[in-house]
Amino acid sequence: MPAKSQAQQKAAGAALSAKRGETNKSDLKGASKEMEKSMSEKQLEEFASTKHKGKPEHVAHR
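Residues numbered from 1 in each chain as written. Predicted model: local features only at pLDDT ≥ 70, side-chain atom pairs only at ≥ 80, totals over all residues. Heavy atoms only, no water.

### Brief notes about the environment of His58
Counting through the fold element by element, His58 comes out in the segment after helix H3 (41-48). In this structure the C-alpha to C-alpha distance between His58 and Glu22, which are 36 residues apart in sequence, comes to 26 Å. The residues touching His58, leaving out its near neighbours within four places in the chain, are Ser5 and Ala7. (Helix = DSSP H or I, 4+ residues; strand = E, 2+ residues; numbered from the N terminus. Contact = heavy atoms within 4.5 Å.)

Here you go:
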């Protein structure tokens, strides 16, 4: 499943970094903190590797 916005992609990248031990989990905030807890490394890789082009910065909540 690809990321729907650049913000979601960035959050997945931060969560992936923490899951791999490259950054501290305590540095995570908001969505990236929840993503790190609830998603597998493979899922986070899919979100983080989504292309930027054509993605909005944020997606409105519904």
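### Some details on the nonpolar core
By size, the foremost hydrophobic cluster in this structure holds 9 residues: Ala3, Ala11, Ala12, Ala15, Leu16, Met35, Met39, Leu44 and Phe47. For this core, the element with the highest residue contribution is helix H1 (residues 6-19), accounting for 4 residues. The residues contacting Ala12, other than those within four sequence positions of it, are Met35, Leu44, Phe47 and Ala48. (Core = buried A, V, L, I, M, F, W, Y, C linked by side-chain atoms within 4.5 Å. Buried < 20%, exposed > 50% of the residue type's maximum accessible area, 1.4 Å probe, protein only.)

### Thoughts on the pattern of salt bridges
Applying the stated rule across the entire model yields 3 salt bridges. Here Glu45 and Arg20 are joined by a salt bridge, their closest N and O atoms 2.6 Å apart. Of the two residues, Glu45 is situated in helix H3 and Arg20 in the loop between H1 and helix H2 (30-38); the sequence distance between them amounts to 25 residues. The closest approach of N and O atoms between Glu36 and Lys25, which form a salt bridge, is 3.3 Å. In this pair, Glu36 is assigned in helix H2 and Lys25 in the loop between H1 and H2, connecting sequence segments 11 residues apart. Taken together, the salt bridges that share partners define one network made up of Arg20, Glu41 and Glu45. (Salt bridge = Lys/Arg side-chain N within 4 Å of Asp/Glu carboxyl O.)

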